[in-house]
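# Structural characterization, general
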Amino acid sequence: MSGTIPPELGSLSNLQVLYLYDNQLSGTIPPELGSLSNLGWLYLHDNQLSGTIPPELGSLSNLYELSLSNNQLSGMVPAEIGGLFSLQGLYLHDNQLAGTVPPELGSLSNLQWLYLSNNQLTGCVPAELRDVRNSDLDQLRLPFCAEGSSPLDSYDENGNGVVDRDELIRAINDYLLSRGLLTRNQALDIIYLYLFG
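What comes next concerns the included structure. In this text the structure is predicted, and so the values were computed from the model without any measurement. (Residues numbered from 1 in each chain as written. Predicted model: local features only at pLDDT ≥ 70, side-chain atom pairs only at ≥ 80, totals over all residues. Heavy atoms only, no water.)

This structure, assessed with the given rule, holds 5 aromatic pairs. Plain terms: the ring middles of Tyr21 and Tyr43 are 6.1 Å apart, the flat faces sit at 65° to each other, and that makes the pair edge-to-face. Of this pair, Tyr21 sits in the loop between strand S2 (17-19) and strand S3 (24-27) while Tyr43 sits in strand S4 (residues 41-43), and the two are 22 residues apart along the sequence. A residue is classified by how much of its surface remains accessible, and Tyr21, at 37% relative accessible area, is partly exposed. Taking the centre distance of 5.7 Å and the plane angle of 5° together, the rings of Tyr91 and Tyr115 count as stacked. Taken together, the positions of Tyr91 in strand S8 (residues 89-91) and Tyr115 in strand S10 (residues 113-115) put the pair 24 residues apart, joining distant regions of the chain. Through pairs of rings, three or more aromatic residues link up here, namely Tyr19, Tyr21 and Tyr43. (Phe/Tyr/Trp six-rings, centres within 6.5 Å; stacked < 30°, edge-to-face > 60°. Helix = DSSP H or I, 4+ residues; strand = E, 2+ residues; numbered from the N terminus. Buried < 20%, exposed > 50% of the residue type's maximum accessible area, 1.4 Å probe, protein only.)

This part takes up the sheet that holds S4. Overall, parallel pairing links the 6 strands, which are arranged S2-S4-S6-S8-S10-S12 in an open sheet. Among the strands making up the open sheet, the edge pair consists of S2 and strand S12 (134-135). Alignment of strand S6 (residues 65-67) against S8, held across 3 bridges, turns out to be parallel. Residue pairing in the sheet places Ser67 in a bridge with Tyr91 of S8. (Pairing = 2+ DSSP bridges.)

Our next topic: the state of the cysteines. Here a disulfide denotes a covalent bond joining the sulfur atom of one cysteine to the sulfur atom of another. Counted according to the given criterion, the structure contains 1 disulfide. Here Cys124 engages in a disulfide with Cys145; their sulfurs sit 2.0 Å apart. Measuring the twist about the S-S bond at about 95°, one finds the Cys124-Cys145 disulfide to be right-handed. Note that Cys124 is positioned in the loop between strand S11 (120-122) and S12 and Cys145 in the loop between S12 and helix H1 (165-177), a separation of 21 residues in sequence. With respect to class, Cys124 is no different from Cys145; both count as buried. (Disulfide = S-S within 2.5 Å.)

Another aspect to go through is the side chain of Asn71. In this fold, Asn71 is placed in the loop between S6 and strand S7 (72-75). Excluding its chain neighbours within four sequence positions, the residues that come into contact with Asn71 are Leu44, His45, Asp46, Asn47, Gln48, Leu49, Asp94 and Asn95. (Contact = heavy atoms within 4.5 Å.)

In this structure, Asp136 sits in the loop between S12 and H1. A polar side-chain atom of Asp136 sits 2.9 Å from the main-chain amide nitrogen of Leu116. (Polar contact = N/O pair within 3.5 Å; in protein donor to acceptor, adjacent residues only side chain to side chain.)

Where S7 lies against strand S9 (residues 96-100), 2 bridges are found, and the strand directions are parallel. Within S9, the residue paired with Gly75 across the bridge is Leu97. One ladder, built from 3 bridges, connects S9 with S11; its direction is parallel. Its bridge partner lying in S11, Gly99 is registered against Leu121.

A word on the sheet that holds S11. The strand order across the open sheet formed by 6 strands is S1-S3-S5-S7-S9-S11, and the pairing between neighbours is parallel. Because the sheet does not close on itself, it has two edges, and the strands there are strand S1 (2-4) and S11. Taken pair by pair, the neighbouring strands of this sheet meet at an average axis angle of 15°, ignoring direction. The sheet contact formed by S3 and strand S5 (residues 48-51) spans 2 bridges and is parallel. Residue pairing across strands places Gly27 opposite Leu49, the latter belonging to S5. (Axes fitted to C-alpha atoms, helices over the stretch in contact; angles between N-to-C directions.)

Now the structure itself:
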(Lines give C-alpha, C1' and ligand atoms only; values in the text may rest on other atoms or scores of the structure.)
Protein backbone atom coordinates (compact mmCIF):
# COMPACT_ATOMS: atom_id res chain seq x y z
CA MET A 1 0.00 0.00 0.00
CA SER A 2 1.33 3.42 -0.93
CA GLY A 3 0.18 7.02 -0.68
CA THR A 4 -0.33 9.11 2.43
CA ILE A 5 -2.22 8.54 5.67
CA PRO A 6 -5.62 10.24 5.33
CA PRO A 7 -6.32 12.72 8.15
CA GLU A 8 -9.94 11.58 8.03
CA LEU A 9 -8.88 8.53 10.06
CA GLY A 10 -8.90 10.86 13.05
CA SER A 11 -12.71 10.90 12.95
CA LEU A 12 -12.99 7.15 13.66
CA SER A 13 -13.63 7.73 17.33
CA ASN A 14 -14.18 4.06 18.24
CA LEU A 15 -11.01 2.81 16.60
CA GLN A 16 -8.86 0.78 18.97
CA VAL A 17 -6.17 -0.61 16.66
CA LEU A 18 -4.47 1.04 13.68
CA TYR A 19 -1.99 -1.20 11.87
CA LEU A 20 -0.46 0.46 8.78
CA TYR A 21 3.05 -0.93 9.14
CA ASP A 22 5.29 -2.46 6.48
CA ASN A 23 3.93 -0.53 3.52
CA GLN A 24 5.18 2.29 1.31
CA LEU A 25 3.29 5.09 2.98
CA SER A 26 4.85 8.53 2.60
CA GLY A 27 4.12 12.06 3.74
CA THR A 28 3.61 13.11 7.33
CA ILE A 29 1.74 11.63 10.27
CA PRO A 30 -1.59 13.48 10.47
CA PRO A 31 -2.02 15.30 13.79
CA GLU A 32 -5.68 14.33 13.55
CA LEU A 33 -4.71 10.85 14.75
CA GLY A 34 -4.39 12.42 18.18
CA SER A 35 -8.19 12.54 18.32
CA LEU A 36 -8.48 8.73 18.44
CA SER A 37 -9.18 8.65 22.17
CA ASN A 38 -9.90 4.91 22.27
CA LEU A 39 -6.80 3.87 20.33
CA GLY A 40 -4.66 1.27 22.08
CA TRP A 41 -2.16 0.32 19.36
CA LEU A 42 -0.68 2.59 16.68
CA TYR A 43 1.74 0.80 14.34
CA LEU A 44 3.18 2.93 11.52
CA HIS A 45 6.66 1.39 11.39
CA ASP A 46 8.50 0.31 8.24
CA ASN A 47 7.17 2.95 5.90
CA GLN A 48 8.58 6.10 4.33
CA LEU A 49 6.96 8.65 6.61
CA SER A 50 8.71 11.99 7.05
CA GLY A 51 8.28 15.20 8.99
CA THR A 52 7.98 15.43 12.74
CA ILE A 53 6.10 13.35 15.29
CA PRO A 54 2.89 15.29 16.00
CA PRO A 55 2.67 16.35 19.65
CA GLU A 56 -1.05 15.65 19.34
CA LEU A 57 -0.23 11.95 19.72
CA GLY A 58 0.32 12.79 23.38
CA SER A 59 -3.47 12.96 23.71
CA LEU A 60 -3.88 9.20 23.10
CA SER A 61 -4.44 8.45 26.77
CA ASN A 62 -5.38 4.79 26.20
CA LEU A 63 -2.39 3.96 23.99
CA TYR A 64 -0.44 0.84 24.94
CA GLU A 65 2.04 0.73 22.06
CA LEU A 66 3.38 3.39 19.70
CA SER A 67 5.58 2.11 16.90
CA LEU A 68 7.02 4.65 14.44
CA SER A 69 10.37 3.00 13.77
CA ASN A 70 12.08 2.57 10.41
CA ASN A 71 10.78 5.74 8.81
CA GLN A 72 12.35 9.09 7.97
CA LEU A 73 10.96 11.08 10.86
CA SER A 74 12.94 14.12 11.99
CA GLY A 75 12.75 16.80 14.64
CA MET A 76 12.53 16.11 18.34
CA VAL A 77 10.77 13.46 20.38
CA PRO A 78 7.69 15.37 21.63
CA ALA A 79 7.60 15.90 25.37
CA GLU A 80 3.86 15.21 25.17
CA ILE A 81 4.55 11.50 24.74
CA GLY A 82 5.53 11.55 28.42
CA GLY A 83 1.83 11.98 29.22
CA LEU A 84 0.88 8.59 27.78
CA PHE A 85 0.75 6.91 31.16
CA SER A 86 -0.71 3.63 29.82
CA LEU A 87 2.13 3.24 27.32
CA GLN A 88 3.99 -0.06 27.53
CA GLY A 89 5.93 0.00 24.25
CA LEU A 90 7.62 2.94 22.51
CA TYR A 91 9.48 2.21 19.27
CA LEU A 92 11.15 5.22 17.62
CA HIS A 93 14.40 3.63 16.44
CA ASP A 94 15.83 4.00 12.93
CA ASN A 95 14.66 7.50 12.11
CA GLN A 96 16.35 10.89 11.94
CA LEU A 97 15.21 12.22 15.30
CA ALA A 98 17.46 14.75 17.02
CA GLY A 99 17.68 16.68 20.25
CA THR A 100 17.54 15.36 23.77
CA VAL A 101 15.48 12.50 25.20
CA PRO A 102 12.61 14.39 26.89
CA PRO A 103 12.73 14.13 30.69
CA GLU A 104 8.96 13.64 30.54
CA LEU A 105 9.54 10.10 29.27
CA GLY A 106 10.73 9.28 32.77
CA SER A 107 7.10 9.50 33.88
CA LEU A 108 6.12 6.44 31.82
CA SER A 109 6.05 4.04 34.74
CA ASN A 110 4.37 1.23 32.75
CA LEU A 111 6.95 1.24 29.96
CA GLN A 112 8.40 -2.21 29.25
CA TRP A 113 9.83 -1.76 25.74
CA LEU A 114 11.80 1.33 24.68
CA TYR A 115 13.79 1.55 21.46
CA LEU A 116 15.41 4.84 20.42
CA SER A 117 18.64 3.82 18.66
CA ASN A 118 19.85 4.87 15.22
CA ASN A 119 18.75 8.47 15.55
CA GLN A 120 20.74 11.61 16.30
CA LEU A 121 19.84 12.03 19.95
CA THR A 122 22.09 14.01 22.31
CA GLY A 123 22.30 14.93 25.98
CA CYS A 124 21.48 12.34 28.62
CA VAL A 125 18.78 9.76 29.19
CA PRO A 126 16.30 10.32 32.05
CA ALA A 127 17.45 8.20 34.97
CA GLU A 128 13.95 6.78 35.45
CA LEU A 129 14.31 4.88 32.17
CA ARG A 130 17.25 2.88 33.49
CA ASP A 131 14.93 0.12 34.70
CA VAL A 132 12.94 -0.40 31.49
CA ARG A 133 13.05 -4.15 31.00
CA ASN A 134 13.59 -4.27 27.23
CA SER A 135 15.44 -1.39 25.59
CA ASP A 136 18.33 -0.42 23.33
CA LEU A 137 19.47 2.49 25.50
CA ASP A 138 22.99 1.10 25.65
CA GLN A 139 23.26 1.66 21.90
CA LEU A 140 22.61 5.39 22.30
CA ARG A 141 26.01 5.81 23.99
CA LEU A 142 24.51 8.55 26.16
CA PRO A 143 24.88 8.83 29.94
CA PHE A 144 21.93 8.67 32.28
CA CYS A 145 20.95 12.00 33.78
CA ALA A 146 21.50 12.47 37.49
CA GLU A 147 18.25 12.38 39.47
CA GLY A 148 16.47 15.70 39.10
CA SER A 149 18.91 17.06 36.52
CA SER A 150 18.34 18.43 33.06
CA PRO A 151 19.63 16.76 29.90
CA LEU A 152 21.74 19.89 29.44
CA ASP A 153 23.79 18.95 32.49
CA SER A 154 25.50 16.17 30.57
CA TYR A 155 27.44 18.77 28.60
CA ASP A 156 29.55 19.43 31.71
CA GLU A 157 30.60 15.81 32.03
CA ASN A 158 33.38 16.40 34.57
CA GLY A 159 31.42 18.79 36.74
CA ASN A 160 34.18 21.38 36.45
CA GLY A 161 32.40 23.96 34.32
CA VAL A 162 34.26 22.96 31.16
CA VAL A 163 31.83 22.33 28.33
CA ASP A 164 31.87 22.03 24.60
CA ARG A 165 30.30 25.28 23.44
CA ASP A 166 28.97 23.88 20.18
CA GLU A 167 27.33 20.97 21.98
CA LEU A 168 25.82 23.25 24.60
CA ILE A 169 24.45 25.68 22.03
CA ARG A 170 22.91 22.80 20.11
CA ALA A 171 21.37 21.46 23.30
CA ILE A 172 19.93 24.86 24.16
CA ASN A 173 18.47 25.17 20.69
CA ASP A 174 16.96 21.70 20.81
CA TYR A 175 15.74 21.63 24.38
CA LEU A 176 14.48 25.17 24.89
CA LEU A 177 13.97 26.99 21.62
CA SER A 178 12.07 24.24 19.85
CA ARG A 179 9.72 23.97 22.83
CA GLY A 180 9.01 27.69 22.67
CA LEU A 181 10.19 28.19 26.24
CA LEU A 182 12.69 30.93 25.42
CA THR A 183 13.43 33.49 22.76
CA ARG A 184 16.77 33.24 21.00
CA ASN A 185 18.13 36.26 22.91
CA GLN A 186 17.15 34.69 26.23
CA ALA A 187 18.87 31.46 25.21
CA LEU A 188 22.08 33.35 24.37
CA ASP A 189 21.96 35.05 27.78
CA ILE A 190 21.71 31.65 29.48
CA ILE A 191 24.63 30.31 27.46
CA TYR A 192 26.73 33.32 28.47
CA LEU A 193 25.83 32.92 32.16
CA TYR A 194 26.52 29.17 32.07
CA LEU A 195 29.91 29.60 30.48
CA PHE A 196 31.13 32.76 32.17
CA GLY A 197 28.79 33.45 35.10
